[in-house]
Structure formats: structure tokens, C-alpha cells
Amino acid sequence: MDIFLRAFRTFIAFHLLFSYSLVDALGLDLRSTDSIKSTSRTLAESAIKYYDGNKPGGTPGMLPAVGEFNWWEAGALFGQMVEYWYYTGDNTYNDITKQALLFQAGPDHNYEPENQTRTEGNDDQAFWAFAAMSAAEMKFPNPDPKQPQWLALAQAVFNRQAGRWDSKHCGGGLRWQFNPLNNGFMEKNTISNGCFFQLAARLARYTKNETYADWATKTYEWMVQSPLISNKTYEVYDGFSFTEEKCNTQPGPVQWSYNIGTMIAGTAFMYNHTNGDPKWKERLSGYLNNAQKVFFPEQYGGKTMVEYACEGQGNCNKDQRSFKAYLARWLAVAAQLAPYTQSQIMPWLQTSATSAVKVCSGGPPGGVVCGRKWYVDQDDGTRDIGNQMTAMSVVQANLIKNVPSLADHKTGTSTGDASAGNGNRGKPTSADILATRKITTGDKIGAWLLTTLMVLVTLGWVAFLLSDRDNWDWIHIAYGGSTSHHWYGR
Ligand SMILES: *[C@@H]1O[C@H](CO)[C@@H](O)[C@H](O)[C@H]1NC(C)=O
Ligand SMILES: *[C@@H]1O[C@H](CO)[C@@H](O)[C@H](O)[C@H]1NC(C)=O
Ligand SMILES: *[C@@H]1O[C@H](CO)[C@@H](O)[C@H](O)[C@H]1NC(C)=O
Ligand SMILES: *[C@@H]1O[C@H](CO)[C@@H](O)[C@H](O)[C@H]1NC(C)=O
């Protein structure tokens with residue numbers, strides 16, 4: 001008996017020591033720039049552990065495990081690594097970031113690499129374009145002159161997407177997917193259109209070319225008269241489907257943080273580009289006030305970011321787990337470009353950062369890794385690159401007042417190309433493809449086979465994870481057996 005008690009006590013003591021030392025290692029103090037930087041560095045170290053595309057045999061810019069389906073999240077990750085350098089000055093990851101951003105640009109330098117044909121939507125492409133655009137705005141080191149340049153890459157994506165503007169259905173807008181074989185080709189969604197709006201607004205502010213501003217306005221006006229956005233309450237919904245005959249007008253009721261985030265950033269860029277046009281100010285404030293209600297709920301103190309639609313039920317999917325990272329990054333940008341918003345935004349970023357680090361401790365893939373829910377006091381034990389990105393993003397966003405303003409064509413150094421996008425091959429946009437060909441039965445069977453294959457691969461992967469007892473033991477040790485709801489499903 002005695003020996004069991006002693007063993008138990010040692011075990012508990014060890015567990016406490018282990019977890020407290022990790023929590024102490026973060027020790028975030030928002031009054032100290034050095035502390036925010038070192039916490040960001042610790043979180044970045046763990047975030048990048050999820051990436052192996054730079055290792056021998058890896059594909060630069062690809063995240064492992066769920067293969068091509070998280071291509072977009074890799075674009076988001078490398079965008080965040082560009083921001084990490086801007087916020088902290090730490091260039092540890094600059095080379096792998098540059099390598100990833102150039103490799104996935106693909107042969108036509110427009111972020112339409114052939115490997116992604118069956119999965120890539122306008123929204124996915126936009127997240128890579130944002131990484132390139134941030135690199136231009138933040139003066140991230142330029143690529144070798146023989147390689148594509150940051151600004152030109154963003155312009156290439158803009159040109160591709162402008163070429164896909166679809167005025168034949170529902171009065172305009174972009175489809176979600178641009179490959180006619182992909183699910184989502186008959187849908188128009190907020191993240192695709194909101195990202196195109198944001199990209200156009202950023203290009204307008206950077207280049208001062210009014211063609212981009214006109215596209216931003218046109219996209220915005222289409223969105224607010226569509227079911228995607230309520231032009232009275234600034235509620236932002238996800239998407240709606242349509243047929244050749246009619247448009248579904250019921251997109252709600254769920255609101256996601258990244259959808260309103262992209263509208264906040266886009267309106268902030270337009271506000272700044274127009275030197276404070278009251279029309280854009282009213283819109284920006286409208287989104288911020290709705291974000292207060294929906295994503296910083298009063299019941300949890302009113303300042304901690306919550307992905308309310310899935311965190312409570314614990315069923316956030318792979319994509320959704322990373323959404324808070326984008327709302328955080330875009331709130332920070334809005335605070336810079338529209339300084340009048342700082343008194344509203346900074347308390348959200350501060351409280352959310354302190355709430356986020358309080359649920360970080362140990363676990364796979366090593367280092368200090370974070371749980372998903374920030375509004376609870378205890379680490380929920382889930383581990384995922386999305387969780388990690390959200391915590392890292394909200395912490396580093398607190399450095400927004402310590403960094404130089406985003407550059408534009410006068411202060412920046414990136415070379416543009418207003419006609420970039422089609423590469424050497426003059427690839428048609430999907431509108432051109434549709435005009436010349438119809439979907440055949442062969443295509444449909446191909447798509448079905450591919451789906452079946454992906455399902456089998458996913459099942460195999462889950463089986464593989466569960467069969468690896470080493471993972472189980474490691475988790476058991478790290479959590480002292482106290483956490484029952486971690487992602488290996490024990
Ligand atoms: C496309 O996939 C092939 C095979 O996995 C790989 O060798 C190549 O590097 C990939 N290209 C890109 C741009 O990811
Ligand atoms: C506001 O939204 C409604 C409903 O979608 C739409 O009918 C109306 O045209 C919109 N107003 C403006 C100014 O966009
Ligand atoms: C535009 O952004 C800059 C910071 O980049 C800021 O100093 C300026 O005040 C902003 N303009 C307006 C109208 O708020
Ligand atoms: C402005 O942008 C448009 C759209 O890409 C382009 O066609 C035009 O050439 C640009 N104008 C200048 C002066 O660069």
C-alpha cells in the first residue's frame with residue numbers, strides 16, 4: 001500500500017512540475033514588448049513543428065497528414081510566418097517561408113499549382129495571395145530577381161479572380177470553386193468574395209491604381225445586396241447555393257469569425273485608401289460592433305474571442321480550428337489602418353491573448369502547444385495546427401503598435417506586374433472552360449473514384465494513428481492521464 005501511495009505522490013509531483021514549468025515558460029506580460037516577442041517565438045516554434053515540407057522528400061509549402069485538403073491552411077500558415085517576422089524581427093523561418101511561397105506559386109506564378117486542381121477554390125488561392133501581399137506590405141525580403149515577386153504574385157491572383165467574376169448568376173460575385181468538377185462550383189460564399197474584396201482593397205492602397213478600388217467597391221456592393229451580408233446588422237453569413245434557374249436566399253444562420261474578419265480588413269484598407277471616407281468608416285464600425293456581439297460574447301467577459309458555432313459543442317472541423325487566427329490578424333491590421341478603432345480592438349487582442357496562453361501546455365508535436373477554447377480556464381487538451389496558429393496569431397497581433405506601417409508603392413520595394421496571372425501558357429479561367437466543354441460521365445466517374453480514394457486514405461491514416469501505441473503512452477505521461485478528450489480519441 002505504502003509503496004503505491006509513494007509512487008502516486010511522486011507521480012503527481014512530477015506532473016505538476018512538468019505542467020507548471022511549461023506554463024511559466026510562456027509567462028506572457030503584455031506590458032513588455034520583449035515578453036510578447038518571446039511568447040510569440042515559443043508559439044511559432046511549436047507551430048512550425050507541424051510542417052515537414054522542407055525536409056528531405058517533402059514538398060515545400062505542403063502540410064502533412066491530410067494532404068491536399070489543407071493546402072489553403074498552409075498558405076495561411078506561411079502568411080502568418082511572414083507576419084511573425086514583421087512583428088518580432090526574428091528571421092529564423094524566413095528561408096522556409098520564402099521557399100514555400102515560391103514553390104506553391106506553380107508554373108504560371110498565380111497560385112494555381114496543378115496538384116491542387118481538384119481541391120482549390122477562390123478562397124484557398126486568396127490565402128496564398130494574402131501571404132504574398134503581406135510580404136510586399138511588410139517588406140519581407142524579396143525573392144531573387146529571376147523569381148516571381150511578391151506584389152506581382154498578388155496581382156496575378158487578382159487578375160485570375162477578376163476574370164472569373166460571374167454576372168450570369170445571382171447578379172455577380174465569384175463562385176466558391178472555380179473548377180466545374182468540384183463541389184462548390186454552384187455556390188457563392190463570403191470567404192471567396194470577401195477575400196477578393198480584401199485583395200482588391202489592399203492592391204488599391206498599395207499601388208494607388210483606382211481599377212483595384214473600383215473592383216473592391218463593386219464586390220462589396222454585390223455582397224451587401226446578396227444574402228451573404230445583412231446590410232442593416234452587419235451579420236456575415238457563410239454562403240448560398242444556386243442553380244441555373246434560381247438563387248437560394250437562405251445562407252444563415254451561422255457566422256464564422258474569418259468571414260467577418262475578411263470584411264473588417266477589406267473595409268479598413270478602403271477606409272485608409274480613401275483617406276477616411278465616412279462611408280467606409282460606417283461599414284468598418286458596423287462589422288466591429290457585430291463582432292463584439294457575436295465573437296466576443298458578453299457572457300465570457302466581452303473581450304475573449306470565441307468561435308461560438310463549434311467550440312461549445314467541441315466539433316470544430318480542420319478548417320474552423322484556425323479561423324480565429326485570421327480574425328486576430330485582420331483586427332490588428334484594422335487597428336493600424338484606422339487608428340480610431342484601437343480603443344475597441346486592442347482590449348480584445350489583449351484579453352484574448354492572455355486567455356489563449358493560459359490554455360497552453362505540453363503535448364504533441366512538442367514544445368508549448370495550445371488548447372482550442374480560450375473562454376474556459378482549463379486547457380481542453382485538444383492539439384492541432386489550427387489551435388496553435390490561433391494562439392500565435394492573437395499574441396503577435398499585440399505587437400501591432402510597435403511595427404512600422406504597412407508599405408505602399410512609395411515606401412515598399414516589391415516589383416509588380418499589373419498584367420500577371422496567365423503565365424506563359426495563357427491558361428483560361430473557368431468561365432472560358434465552361435463555354436467550351438460540358439461535364440462528361442467520365443469526369444463524374446473520375447471524381448467519384450477520387451472521393452472514394454480520399455476516404456480510404458483518411459480511414460487508413462486514422463487507423464495508423466490509433467495503432468501507434470507510442471503516441472498513447474506519450475500522451476498519457478504528458479497529461480498524467482488526466483485529460484480524456486484529446487485528439488487521438490482515447
Ligand atoms: C505536386 O506533387 C508531386 C508528387 O507528389 C510533387 O513531386 C510536386 O513537388 C508537387 N508540386 C507542388 C507545386 O506541390
Ligand atoms: C440590403 O439588403 C437587402 C436584402 O438582401 C437588399 O434587398 C437591398 O438591396 C440591400 N440594400 C443595399 C443598399 O444594398
Ligand atoms: C492610414 O494608416 C496610417 C498607418 O499606416 C495611419 O497613420 C493613418 O492615420 C491612416 N489614415 C486614416 C484616415 O486613418
Ligand atoms: C491598373 O490595374 C489594372 C487592373 O489590373 C491594369 O489593367 C492597369 O494596367 C493598371 N494601370 C496601371 C497604370 O498600372
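Looking at an unreviewed UniProt entry, one finds the protein named Mannan endo-1,6-alpha-mannosidase, with Tothia fuscella as its source organism. Its UniProt record gives the protein a comment under Catalytic activity (unreviewed entry), which states: "Random hydrolysis of (1->6)-alpha-D-mannosidic linkages in unbranched (1->6)-mannans." In its Subcellular location (unreviewed entry) section, the UniProt record describing the protein reads: "Endomembrane system".

Regarding the side chain of Gln 388
Examined against the element boundaries, Gln 388 turns out to sit in helix α13 (residues 385-396). Exposure remark for Gln 388: the relative accessible area of 0% places this residue in the buried category. A distance of 3.2 Å separates a polar atom in the side chain of Gln 388 from the backbone oxygen of Leu 43.

Some remarks on the site of ligand 4
In the region of ligand 4, the neighbouring residues are Asn 159, Asn 209, Thr 211, Tyr 212 and Ala 418. A distance of 2.3 Å separates an oxygen atom of ligand 4 from a polar atom in the side chain of Asn 209. When ligand 4 sits alone it has 360 Å² of accessible area, and the protein chains cover 44% of it. Of the residues in the shell around ligand 4, the class split is two nonpolar, three polar and no charged.

Regarding the site of ligand 3
Looking at ligand 3, the residues that line it are Tyr 271, Asn 272, Asn 275, Gly 276, Gln 336, Leu 337, Pro 339 and Ser 405. With respect to ligand 3, the side chain of Asn 272 contributes an N or O atom lying 2.3 Å from an oxygen atom. Contact distances for ligand 3 include 3.1 Å between an oxygen atom and a side-chain N or O atom of Ser 405. Protein chains shield 64% of the accessible area of ligand 3, which is 360 Å² for the free molecule.

Some details on the environment of Ser 257
Note that Ser 257 resides in helix α9 (residues 257-273). Given a relative accessible area of 1%, Ser 257 falls into the buried group. Between the C-alpha atoms of Ser 257 and Tyr 237, which are 20 residues apart in sequence, the distance is 10.0 Å. Dropping the residues within four chain positions of it, Ser 257 is found in contact with Phe 295, Glu 307, Phe 323, Lys 324 and Leu 327. Within polar-contact distance, the side chain of Ser 257 engages the side chain of Glu 307 at 2.6 Å.

So, helix α4 (residues 94-103)
Buried within α4 we find Asn 94, Ile 96, Thr 97, Ala 100, Leu 101 and Leu 102. Looking at the buried positions of α4, the neighbouring elements they touch are α2 (33-48), α3 (71-88), α5 (122-137) and α6 (150-162).

Focus: empty space enclosed by the protein
Empty space among the atoms becomes apparent when a probe as large as a water molecule is rolled across them. This model, assessed by the stated rule, comprises one cavity of 30 Å³ or more. Quantified by volume, the largest cavity comes out at close to 60 Å³. Secondary-structure elements contributing two or more residues to the lining of the largest cavity are α5, α7 (190-207) and α11 (323-337). Classifying every residue of the lining of the largest cavity gives five nonpolar, two polar and four charged.

Describing the state of the cysteines
What makes a disulfide is a covalent bond joining the sulfur atoms belonging to two cysteines. One pass over the full model with this rule turns up three disulfides. The partner cysteine of Cys 170 in its disulfide is Cys 247, sulfur to sulfur 2.0 Å. Its torsion about the S-S bond being -100°, the disulfide of Cys 170 and Cys 247 is classed as left-handed. Of the two residues, Cys 170 is situated in the loop between α6 and β1 (187-189) and Cys 247 in the loop between β2 (239-241) and α9; the sequence distance between them amounts to 77 residues. Between the sulfur of Cys 360 and that of Cys 370 lies a disulfide, 2.2 Å long from S to S. Handedness here is read from the sign of the S-S torsion; for Cys 360 and Cys 370, about 95°, the answer is right-handed. Taken as a pair, Cys 360 in strand β3 (residues 360-361) and Cys 370 in strand β4 (residues 369-370) lie far apart in primary sequence, 10 residues in all. What connects to what in the protein, once the bonded cysteines are numbered by sequence position, is 1-2, 3-4, 5-6.

A short note on the environment of Val 394
Among the structural elements, Val 394 can be located in helix α13. Given a relative accessible area of 0%, Val 394 falls into the buried group. Sequence separation between Val 394 and Thr 354 is 40 residues, and the spatial gap between their C-alpha atoms is 9.2 Å. Non-local contacts of Val 394, meaning those with residues more than four positions away in its chain, are made with Ala 328, Leu 349, Ser 352, Ala 353, Ala 356 and Trp 374.

Notes on α5
For α5, built from 16 residues, the straight-helix expectation of 22 Å at 1.5 Å per residue is met to within 8% by its first-to-last C-alpha distance of 22 Å. Of all 16 residues making up α5, 16 are buried, and the element is well covered by its neighbours. At the exit of α5 stands Lys 139, carrying a positive phi of roughly 55°.

Reading the values: the criteria
Residues numbered from 1 in each chain as written. Chains lettered and ligands numbered in written order. Predicted model: local features only at pLDDT ≥ 70, side-chain atom pairs only at ≥ 80, totals over all residues. Heavy atoms only, no water. UniProt positions renumbered as here; feature names shortened; annotations may be inferred. Helix = DSSP H or I, 4+ residues; strand = E, 2+ residues; numbered from the N terminus. Buried < 20%, exposed > 50% of the residue type's maximum accessible area, 1.4 Å probe, protein only. Polar contact = N/O pair within 3.5 Å; in protein donor to acceptor, adjacent residues only side chain to side chain. Near = heavy atom within 4 Å. Areas by Shrake-Rupley, 256 points an atom, 1.4 Å probe, with all protein chains shown as cover. Nonpolar A, V, L, I, M, F, W, Y, C, P; charged D, E, K, R; others polar. Contact = heavy atoms within 4.5 Å. 1 Å grid on protein atoms, 1.4 Å probe; cavity = no way out; pocket = protein on both sides within 12 Å on 5 of 7 lines; lining within 4 Å. Points joined across faces, edges and corners; volume = space filled by probe spheres on them. Disulfide = S-S within 2.5 Å. Expected span 1.5 Å × (residues − 1).

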